[in-house]
Structures are given as structure tokens and as C-alpha cells.
Amino acid sequence: MLYIISGKLGLSFASLNPSATAIWPPTGIALAVLLIFGYRVIPAIFLGALVVNLTTSGTVITSLGIALGNTLEGIIGMYLVKKYSEGVNIFENVSTIFKFVFFAAILSTSISADIGALTLILGHLANWKDFIAIWTTWWFGDMGGNLIIAPIILIWSASGRIHSSFRVIIHILLSFFILLLTTWLIFSGIFPYVYLCIPIAIWNAFWFGRRGATLTTLIVAAIAIFYTLHGYGPFSQTTSINQSLILLQVFISILSVTSLTFAALVHALRKREKTLEYHDARFKALIEKSFDAVLLIDATSKILYASPSVNRVLQYEPEELIGMTGFDLIFPEDRQFTIRTLTKLVLKHGNTITVEYRVIQKNKNVIWVEATGTNLLLDQTVNAVVVNFRDITEKKVLQENILQEKTEDEAMLASIGDGIIATDQTGRITMVNKSACDTLGWTKRELIGKLLTDIILMEDETGTIVPIAERPISKVLSLRRKVVTSRTFYYGKKDKSYFPVRFRVTPIEIDQKIVGIIEVFQDITREKEIDRMKDEFISMASHELRTPMTAVNGLLSMIFHGDYGPINEKLKHPLDNIRVSAQRQIHLINDLLDVSRLQTGKIDFNFADFSIKPMLEEIVKSLMPIAQQKALTLTLQGKEELSVNADIEWSKHIMNNLIGNALKFTDKGSVSLTYYEKDNVVYIDVTDTGSGINLSDREKLFGKFQQLSGKDTAKPPGSGLGLYLSRELAQKMNGDVQLSKSIVGKGSTFSLILPKTNINTPQAIKTRKEEIAFSSKNK
Amino acid sequence: MNTVLIIEDDQMLLSMYRDKFKLEAFKVITAEDGEKGLELALSTNPDIVLLDLALPKIKGIDIMKTLRTTSRGETIPIIVLTNLNVDGEILEAITKYNPAYCLIKANITPEDVIRKAREILNHE
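The rules we used
- Residues numbered from 1 in each chain as written.
- Chains lettered and ligands numbered in written order.
- Predicted model: local features only at pLDDT ≥ 70, side-chain atom pairs only at ≥ 80, totals over all residues.
- Helix = DSSP H or I, 4+ residues; strand = E, 2+ residues; numbered from the N terminus.
- Buried ≥ 20, exposed ≤ 12 C-beta atoms within 10 Å, placed from the backbone.
- Contact = placed C-beta atoms within 7 Å.
- Expected span 1.5 Å × (residues − 1).
- Pairing = 2+ DSSP bridges.
- Axes fitted to C-alpha atoms, helices over the stretch in contact; angles between N-to-C directions.
- Nonpolar A, V, L, I, M, F, W, Y, C, P; charged D, E, K, R; others polar.
- Core = buried A, V, L, I, M, F, W, Y, C linked by C-beta atoms within 7 Å.
- Domains from an automatic or database assignment.
- Arc of directions from axis to C-beta.
- Parallel < 35°, antiparallel > 145°, perpendicular 65-115°, else oblique.
- Left-handed = near helix turned anticlockwise from the far one by under 90°.

(A) Fine view of the overall build of chain B. From N to C terminus, chain B includes five helices and five strands. Walking chain B from its N terminus toward its C terminus, one meets helices and strands in the order β-α-β-α-β-α-β-α-β-α. In chain B, buried positions account for 48% of the 124 residues. Pairs at least 24 apart in sequence give 59% of the contacts found in chain B among residues at least 6 apart.

Set out below in C-alpha cells:
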């Protein structure tokens, strides 16, 4: 509808031909609408153009042709503008304005002029001789439309609020009053200096931007056209009104483009100014609010600027620092280094270097800082070296502590006499200490990364290589638990020799996941040697100590037996004393040897089920002479048929000891044996009517070499090892020996506790060892 | 009359056992080292051998080992008399060479030895 009205208005100025006018706003409207709404407005434009022309003059055919030309012009104009410039925002910068002028105003309008002029001539509405005139009028008319009308619509339709304050409104009103006045003066012919329009248009473009520029153009155009049509003003002097209008059109187009260009320049300038201001503000805020302290220095380290946070790090007020030499703040030892760094930094623009050094605070404290220097000396906005820095003293101290600890740990690991090897979860060596390397003969480099089982071979006592699956490390990795072995294994060295090793392999777990193992091992060659020597010594001692006693004891027994003739009555007593002493000596040696064997794990136990009644009867029978000698009753009670699982010979040894003790320490009364079952274990009680044991003595009763002191010093003393040995042996057989009851003056009860027969325990292999036991234990 | 071969390097013990066995009406042959002992064991055909383990020249255990490989020595009753500790050679003697008895000398009297010898001989 707008198109139609404006079209009719434009055509009303047509003087050359009814369809060709020097003022043709619809072109501008069409282009603006197309640029804003796109192709979907094409039918409306075509229809508008058709209606305008139909209602003007000519036929349907010519009107269709002209409408086609008008529409095509708009479409091509839009296409070119969109393709080569920035579409709707054409008027924001100068280069797109020029593109708009070329594509939309000059190029696309020629199409409409071609088609329009041709249509008129072919439709016999005009003559060929008028072609140039019609074409030019048409072209200028459309061009004017695009240069004057399109910018107005495009600029005013773009969103954006107008800042309006009282001052602004006064400013606007005043400016436009001047404009109106000047334009009226010029075009009414009173003061015909056309070019006065230019400064006013520029003034308005400067103050009111693109909107001001377009509005100015519109006002000038309206007034100028009005007066020109009526024959006034500077443009009305020519031959025809059409000529005048074309000239005016050219002037207004130039005015429009000029003021638009100026407005765009002003706009761009303001935008740039704003951006700069924003950047500046942001830059400053960044520096001021930054947690890091920021210094701007020149190439000689003179401080040009200090941010507020500098105070927190250096304790100086920022103002105090301005003008100071930065190097003066640096710890003397680090000064040379920082000078070198700054020299390197200033060599190239844009260089960035981060370093750590010590600085001296205002209160003379020395702290560590991490500083990043950036060379922006050539940057127009900075003109300095920017130094960001922060206090890292805490971190540095922590680092140094960690380093110190690490060094200490490493020194400790290296100094440990035991070999230490750590592997990952696949068994690859990740760490070895010096002892491990020394012991194995490999260097650290040779070991790291290798599979432990590959590089360190292992043999058992028989000299057979232990398969990888049987290796403790493999077991630890698969079973996830610590492995300590009592067997002796041998490790292969680099030189293929083997040494006995004792080790402990422990899984390294993080969050219940095995990440590797750690093995601690020792070369026990020396210990093995010492063990062997100890064994040899015991063997020798037992042989050498027992042999003389064998002669003493044997010969005495023969003397008493009468093998060397009748004994002098007077000699009987001393000889008997000699025999008792000799036996005591043998007893002591035997007990010592047993203890030593027990401690070195040399005593073997042959576990078997046996009935305790026959065993006890045998012991009672063998000890009966001693009891009778002292006029003591020795009895055995126990109705049940009870079996135990233990080593029968060591059980006899213990019982002999317990009953022997009871007989020894009882002067009057009885020693009675009872056996029974309680809580799945078998008790054999030895109860005497002796002196009983003091409460204070009970604790040390089972210690080594414990002989109870007291009034009974006249009693024949034992080795002091009997009870200790008995208890140790019983415990090794999963039993115990304990003092069950003791009343001073009334007597004591000692019990041997043994586990009951386990039907599942296989019968132990019988050996002739019983015979040794017989001889070694039945003393 | 039964013949006993006593192989014992300790003079005193040797004379003690010799006296006792003579008193008990044994024919006694003695050797003070392993070499002589083995030689006599093979040549004199004793009814019983009293054998010490710690001996010069040839150790008791080696005498047993050699004896057990000969036809006569294979069954000859041997009473091992030793003051060594129970481990080591004693266990080897017991497990490999089938002694009639293995006794710790210090723990027994000559009387006990006679008793054991009689038992063996009676048994045979």
C-alpha cells in the first residue's frame, strides 16, 4: 500500500513521460523491505508496481513489463547488497556504504531503467528519440529512491532506542530548526547557496548519527522538491522541470551519501573510542583486582607502576615503590640471575619468562616469589615490562622439606643392610636399594624394569630351581598376602653363584588394590655358618662333656654291683655321693642339650595316637623303687580308657620329670597320678603331699634355671631346666604343663595337658627312635 | 661263649666295657679306632658289636655302612653307644643301618648294656 501511494506521489512529478519520473521512492521502499523481510515480499512488490502503473497509463502488458522491471531491480539490488556487503547493517561502515551505492543505487537501478524505457517504447507509449531521456530520468529516479528512501527505512527500522533527555531534545529541536530555516532560505531562492546544506547535514550527522543524517536528507529533499517543482530555488533555473528534478536528485543523493558516510565514520570512531575505554578499564581492573602483585617496570627495572596487591607481597605501599629500582628489592644472591633474566626478556617484544627468586620485604624478611615477566615495552598501551608475581615461600619450604625427606629416605634405604626390591603388580622391578645391588651383584640400571623372577633365580635346599609359579612373589601377587618362609632358599647372583637368603615379601596395597610388592631380603651365609658352628659346638660339647661322666657313672655302678669286689662300709656313703653328683651332672648336660635342640628346632615330634594308661603304668613301675626308698605311696588312678595325640617319648619324658620332681620334694605321704578328660583335652595330674609352692614362686616356676629357694636346701637340686623343658615340649605338642593347685604345707598338683586323639590324624611312622628316647630320657 | 667286639676310642670306657663283658663271661675283642674295628668286625665274626660313632680313622657310621653291605655284616647285631647328640649321625645310623639299639652312653650303666646284649642274643 505504501508502495502504491509513494509510487503515485512520485509519478505525479512525471513530466517527460507519465511512467518515467525523476522521483521514484518505491525503488527505495522495495529494496529496504526486501532487505528486511527477504524474498517473501516479492509478490507484494510486484503487485504494488503493477497497480501503480495500471492506474497511471498504458496497457496491462506495459504495466506488467514495468512492474517486472521494478521487482527485478529490487531483487537484484538486495542480492548484490547481501552478497557483497553486510545486508541490513550496510550503513555502519564506510566500505559497505560505497558497496551499497555501487550495487544497489547504480547497478540494480539500471535494470529497471532498461526494462521500463524499453517497455514504454515497445508499448508505443514513447518514442525511440526519447529513449536516452526516459532511461536517464528513470535511472536517476530509482537511484534517488535507493539513496534517499532506502537508508531512511533501513536505519530507522533497525532496533535501538534513542537516548532522550531534555538537553538532547533541545539540541535536536534547535538543530532541525536551523536546518529547516536554512533549507527554506536556500530553496525558496532567498539565499540560494545550495552548499550551505552540506555543513548542516554534517553537523547533524555528527551529533545525531545515521538517524540524524537520513532525517536531514529527507527534510532537505522534501523542501527542495517542493520549491523546485514550484519553480523556486537554485535548481529551477534549467530548461525543463524534469532537468531540474534530476539535478536536484543528484544533489540530494550526494548529500545523502556524504552525510551517511560521515555518520558511519563518526559511529566507527565512537565505537572504537568506547572499545578502547572498555579495554583500558578492564586492563586496569585486571591489574588492580588481580591476586598476583603486578609491577610495570622499564628495561632498567625502574618501577613505573605497582598494583595494590603488591603491598601484600612486599609490604610496601604501591606509591612508595614508584621510581624505585626493582633489582634493589631482590635478595643479593639472586640479583645477578634476575638481571640476566631481565636482559633476556627485553631482547624481544612479547617475550615471557617465569622465574623463582627471593625478594626482601619492607620489614627485611626474605620471601620466595614466582614472577612472570612479559615484555610489552613496544606495546603502545603499556610501554613497560609487566611483572606478575606472588609469594611462594610456603610452597618452596614444603618443596625443600619434601626434597630433604626424599634425600633422607633414599639415604636411609641405601644404608639399610637388608636388600630391598619393589616391583609393580606385574612383578617388574621398580626400585632397588644399594644393599640389594651389592648382594646380587647387579647394578641398579640392570635391575630396574626387569621381571624379578627372570633376573633373580631361586634354588631350594636341594639345588633345584624354584619354578616361577612357586616363587613367593608370585604367591603374594596372586594370594594378596604376606609370605614369610622358614625354608632356606638360595638366590642366584649375577656371577651365577648362589647364597642362602631369608626374605619377607609384602604386597603394596593402595585402596585395597595390589599395586606391587616389596621384598626385604638378607644374605644369611654368615648366619648359616654360625648355625653350623653352633651345631658343631653342641655336638662336641655333648660328646666331650658326657664321655668322662659316662666312665664315672659306669664305673661306680660296677663298684656298687660288686664287680670290683665287696665295698668297704666306710666308702659306701662317699661313693654314693659321687654317684648322685655324677648323675646330676649328666642330667644337667642332657637338659641343656635338649633346650638347645628345642631352641634350634632340632627336636622332631612323631605325633601318634596312644593310650595313656600303659604309658603311665610303665613310668610308675620304673619310679616305684625311688618311692619305696622314701616310703612314699605312688598311685595311679583313672578308669577311663583315654588316648591322646602326641609324641609318646616326649610325653614320657615330661611325666618322668613331673613325677620325679614330686617324689624329690615330698618327704611324707604320697604322690598320686590321676587322668581324666575335660573340655576335649586330657589331663594327667600329679599330686603330692609335699611342702607346696609359695605364691611368689609360682611365676618363676617355669623359667629357665629356676630353682626354688627355701628351707629345703638339703634336697638334691635338679638342673633347673626340668619344668621349663617340660612346658616347652608340651606346648610344642599342642598341650601344656601347668601348676593346677598348690597349698603351702599341704602339697601341689602339676598337670600335663595333651590333646585328645584325633581320629583323622594318621598314625605316625614308627621308627627305632623310640629306642633312643628310651636311653636318652629314662634317666 | 659269645664274642663281643667293642670299638671305642676312649681308653677308660673301653676298659670299663671290656671288664664288664669279661665278668659276664663274654669273649671280648677290642679296637681303638675305626679302621681296626672294621677289620676285626669282618675277620673275627663277633656275635655282637658295641660301636662308638665318633672314632678316629673311620667313623662309626661308615663302619656300619660297610658292614651292612657284606653278607656277614648285614645281620650282625650292633649296639650303637654314643655320647653325640641325638641328631645327625645317630638319626642316619637308625634310619639307614638298622642297629639293634642306639644308646646314649652317659645315660646308661655297663649293667644296662649287658642286659641289652643278652636280650639280643637270647632273641637270636
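Read on for the rest.
(B) Looking closely at helix α19 (residues 569-599) of chain A. In this model, α19(A) (31 residues) spans 46 Å end to end at C-alpha, consistent with the 45 Å of a helix rising 1.5 Å per residue. For α19(A), the set of buried residues is A:Ala582, A:Ile586, A:Asn590, A:Asp591, A:Leu593 and A:Asp594.

(C) Summary view of the sheet that holds strand β14 (residues 633-637) of chain A. All names here are of chain A. Strand order in the open sheet made by the five strands is β14-β16-β17-β19-β18, with mixed pairing throughout. Both outer strands of the open sheet, β14 and β18 (736-743), are each paired with one neighbouring strand and no more. When the angles between neighbouring strand axes are averaged without regard to direction, this sheet yields 20°. The pairing of β14 with strand β16 (residues 670-678) spans five bridges and is classified as parallel. The residue of β16 that forms the bridge with Leu634 is Val671. Lying over the sheet, helix α23 (residues 722-732) contacts β18 and β19 (747-755), oriented at roughly 130° with respect to β18.

(D) Molecular detail of the sheet that holds strand β1 (residues 293-297) of chain A. All names here are of chain A. The strand order β2-β1-β5-β4-β3 describes an open sheet built from five strands, whose pairing is antiparallel. What marks the edges here is a single partner per strand, and that holds for β2 (303-306) and β3 (352-360). This sheet shows a mean twist of 30° between the axes of neighbouring strands, independent of strand direction. Relative to β2, β1 runs antiparallel, the two being bridged by three bridges.

(E) Main features of the interface of chain B and chain A. In this assembly, 26 residues from chain B lie in contact with 28 residues from chain A. Where the side of chain B that touches chain A is concerned, the elements lending two or more residues are α1 (11-23), α4 (89-97), β5 (101-104) and α5 (110-123) of chain B. Per-element tally for the side of chain B that touches chain A: the top contributor is α1(B), with five residues. Taken together, the residues of the side of chain B that touches chain A break down into 16 nonpolar, five polar and five charged.

(F) The arrangement of the pairing of strand β4 (residues 366-376) of chain A in detail. Residue and element names in this part refer to chain A. Relative to β4, β3 runs antiparallel, the two sharing nine bridges. Its bridge partner lying in β4, Ile360 is registered against Val366. If you look at the hairpin formed by β3 and β4, you'll find five residues sitting between the two strands, and Lys364 has a positive phi there, around 75°. In this structure, β4 lies alongside strand β5 (residues 384-391), joined through eight bridges in antiparallel fashion. Looking across to β5, one finds that Val369 is bridged to Asp391.

(G) Looking closely at the nonpolar core. Counting residues in each nonpolar core, the largest one holds 64 residues, and the members touching the most others are A:Leu31, A:Ile97, A:Phe100 and A:Ala224. With twelve residues, helix α6 (residues 131-157) of chain A is the single largest residue contributor to this core. Residues from two domains meet in this core; each of domain 1 (1-159) and domain 2 (163-286) of chain A gives at least three. Membership of the second largest hydrophobic core comes to 44 residues, among which are A:Ala582, B:Leu50, B:Tyr101 and B:Ile108.

(H) Local environment of helix α3 (residues 60-67) of chain B. Residues and elements named next belong to chain B. Those residues of α3 that sit buried are Gly60, Ile61, Ile63, Met64 and Leu67. In an axial view of α3, the angular spread of the buried residues amounts to 160°, which keeps them on one side of the axis. The secondary structure elements touched by the buried residues of α3 are α2 (34-44), β3 (48-51), β4 (78-82) and α4.

(I) How the structure looks around the packing of helix α3 (residues 42-54) of chain A against helix α4 (residues 60-84) of chain A. All names here are of chain A. Contact geometry of α3 with α4 gives a least axis separation of 8 Å together with a crossing angle of 140°. Taken together, α3 and α4 sit at an angle that is classed as oblique. The two elements α3 and α4 meet at a crossing, and its hand is right-handed. For the pair formed by α3 and α4, the contact residues are Ile42, Ile45, Phe46, Ala49, Leu50, Asn53 and Leu54 on the first element and Val60, Ser63, Leu64, Ile66, Ala67, Asn70, Thr71, Gly74 and Ile75 on the second. Partitioned by chemical class, the residues of the contact of α3 with α4 number eleven nonpolar, five polar and no charged.

(J) Layout of the packing of helix α20 (residues 612-629) of chain A against helix α21 (residues 648-664) of chain A. Residues and elements named next belong to chain A. Close contact between α20 and α21 brings their axes to 10 Å; oriented N to C, the two are set at 30°. Handedness of the crossing formed by α20 with α21: right-handed. Contacts from Met615, Leu616, Ile619, Leu623, Ile626 and Ala627 in α20 reach Ile648, Ser651, Lys652, Met655, Asn656, Ile659, Gly660 and Leu663 in α21. Counted by class, the contact of α20 with α21 contains ten nonpolar, three polar and one charged residues.

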